[in-house]
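Structural overview for review
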Amino acid sequence: MDFQIRQAITANVMGSDAAEFQDIVNDAIARGEEHLLPGLGVFLEKWWNSASESERKDFSQKLAKQFVS
């Protein structure tokens, strides 16, 4: 992912509150448009970088359950 995309997405959401982030994520998922995926990726990256090891492990376990065949 190009670094400029990260910067643009970060600038677009700077100052948003929790409810606004929830709306952004819900809207991106509901639309199902692939061009919105980089934004969700930036959100995940920001969260991951600030999450504790325990939070990362919990998230990874939950995510793995979603991809069980």
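Structure: see above.
What counts as what
Residues numbered from 1 in each chain as written. Predicted model: local features only at pLDDT ≥ 70, side-chain atom pairs only at ≥ 80, totals over all residues. Heavy atoms only, no water. Helix = DSSP H or I, 4+ residues; strand = E, 2+ residues; numbered from the N terminus. Expected span 1.5 Å × (residues − 1). Buried < 20%, exposed > 50% of the residue type's maximum accessible area, 1.4 Å probe, protein only. Arc of directions from axis to C-beta. Salt bridge = Lys/Arg side-chain N within 4 Å of Asp/Glu carboxyl O. Patch = residues over 30% accessible without salt bridge, like charges linked within 9 Å, V, L, I, M, F, W, Y side chains within 5 Å. Areas by Shrake-Rupley, 256 points an atom, 1.4 Å probe, with all protein chains shown as cover. Contact = heavy atoms within 4.5 Å.

1. Brief notes about helix α3 (residues 37-50)
- Helix length check: α3, at 14 residues, gives a terminal C-alpha distance of 20 Å against a target of 20 Å (1.5 Å per residue), a fit within 8%.
- Those residues of α3 that sit buried are G39, V42 and F43. An end-on view of α3 places all buried positions within 100° of arc, on one side of the element.

2. Structural notes on the pattern of salt bridges
- Using the criterion set out here, one finds 3 salt bridges in the structure.
- Notably, a salt bridge pairs E45 with R6, separated by 2.8 Å at the nearest N-O pair. A residue pair is termed long-range when its members are at least 10 positions apart, and E45 in helix α3 and R6 in helix α1 (residues 3-13) qualify at 39 residues.
- By relative accessible area, E45 is classed as partly exposed at 30%.
- On the accessibility criterion, R6 (23% relative accessible area) is partly exposed.
- Linking R31 and D27 is a salt bridge whose minimum nitrogen-to-oxygen distance equals 3.3 Å. Taken together, the positions of R31 and D27, both in helix α2 (residues 18-31) and 4 residues apart, correspond to about one turn of that helix.
- You can call R31 partly exposed: its relative accessible area is 46%.

3. Overview of a nonpolar patch on the surface
- Where nonpolar side chains cluster on the molecular surface, the patch consists of L44, W47, W48, F59, L63 and F67 and spans about 570 Å² of accessible area.
- Elements supplying a minimum of two residues to the nonpolar patch: α3 and α4 (53-66).
- Here the element with the most residues in the nonpolar patch is α3; it accounts for 3 residues.

4. A short note on the environment of A28
- In this structure, A28 sits in helix α2.
- Judged by its relative accessible area of 11%, A28 falls in the buried class.
- In this structure, the C-alpha to C-alpha distance between A28 and F43, residues 15 residues apart in sequence, is 12 Å.
- Aside from chain neighbours lying at most four places away, what touches A28 is E33, L36 and L40.

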